[in-house]
Amino acid sequence: MKFRAPGAVAACVLVLAGCSDSGEQLTFGETATVSAEKGGTLDVTVLRIDEGSNSDLSALENASQYTGDTPYYVHYKIAKTEDSRDTLRESFVVSAGGERLTELNVMAAVDFSDPFRPTVQEFDRCTAADSTEFEKAAKGQSVKGCAIFLADKGIGAPTTVQWAPDDADKPLVTWRRS
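Below you will find a few notes about this structure.

Reading the values: the criteria
Residues numbered from 1 in each chain as written. Predicted model: local features only at pLDDT ≥ 70, side-chain atom pairs only at ≥ 80, totals over all residues. Heavy atoms only, no water. Helix = DSSP H or I, 4+ residues; strand = E, 2+ residues; numbered from the N terminus. Buried < 20%, exposed > 50% of the residue type's maximum accessible area, 1.4 Å probe, protein only. Contact = heavy atoms within 4.5 Å. Areas by Shrake-Rupley, 256 points an atom, 1.4 Å probe, with all protein chains shown as cover. Disulfide = S-S within 2.5 Å. Phe/Tyr/Trp six-rings, centres within 6.5 Å; stacked < 30°, edge-to-face > 60°. Pairing = 2+ DSSP bridges.

1. A word on the overall build of the protein
A count of helices and strands for the protein gives one helix and 13 strands. Secondary structure elements in the protein, listed N-terminal to C-terminal, are β-β-β-β-β-β-β-β-β-β-α-β-β-β. Counting the 178 residues in the protein, one finds 40% classified as buried. Contacts spanning at least 24 positions in sequence make up 70% of the contacts within the protein whose residues lie at least 6 apart. With the model as given, the accessible surface of the protein reaches about 9700 Å², and the carbon-plus-sulfur share is 46%.

Written as structure tokens, this is what we have:
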């Protein structure tokens, strides 16, 4: 499957800045309540991390730039605990030992090879939570999603996941494998 479409971005990479280890300490599966950006709170749970293989990335345009990288899929759940007008915005930072992994944002692409029947191609191994579904969610409702993080060759499996919004001086929550 090739992700190529005019005006569509197949993949972009976001390297996250460093944060010190602090804040609430949890294990995978436990839930943290964090302040939402525009008021109210959210319950955030890191459910698990699945290890992928480099071949998973072969479906991406310019897949050769990921040679040697191992994708890790962070599965999470985010719930509204109070009605708020927040849009869904994940703030995960993932590390293996002291090494920060790179987040890979894969956007769906539209294939216009048949102009009368364009098709949407998604990276179905790991899909982010649906932001429209989240915005419509009432208090207590949750959405599940998955975020992709890449470990360079030689870096092991992730050991921590942090919730660290851009405006925070330090991570608010750190999840560790039990």
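Read on, since the account is not over.
2. Focus on the state of the cysteines
Enumeration over the complete set of coordinates arrives at one disulfide. Paired through a disulfide, C126 and C146 show a sulfur-sulfur distance of 1.9 Å. Given an S-S torsion of about -105°, the disulfide between C126 and C146 has left-handed geometry. Residue C126 is located in the loop between β10 (119-121) and α1 (131-136), and its partner C146 is located in strand β11 (residues 142-151); the two are separated by 20 residues in the primary sequence. In this structure, C126 and C146 share a single accessibility class: buried.

3. Re the packing of aromatic side chains
Counted under the stated rule, the structure contains two aromatic pairs. Consider the rings of Y76 and F92, whose centres lie 5.0 Å apart with planes at 45°: the pair is tilted. One end of the pair, Y76, is in strand β5 (residues 70-80); the other, F92, is in strand β6 (residues 92-96), with 16 residues separating them in the sequence. Residue classification places Y76 among the buried positions, given a relative accessible area of 0%. Ring centres of F92 and W163 lie 5.2 Å apart, and the angle between their planes is 85°; this geometry places the pair in the edge-to-face category. Residue F92 is located in strand β6, and its partner W163 is located in strand β12 (residues 160-163); the two are separated by 71 residues in the primary sequence. Residues F92 and W163 agree in their burial class; the two are buried. Linked through ring pairs, Y76, F92 and W163 together constitute an aromatic cluster.

4. Notes on the pairing of strand β13 (residues 173-176)
Two strands pair when backbone bridges link them, and strand β2 (residues 24-27) and β13 are joined in this way by four bridges, in the parallel orientation. Residue pairing for β13: E24 is matched across the bridge by V173. Two strands pair when backbone bridges link them, and β12 and β13 are joined in this way by four bridges, in the antiparallel orientation. Bridge pairing links W163 to V173 in β13.

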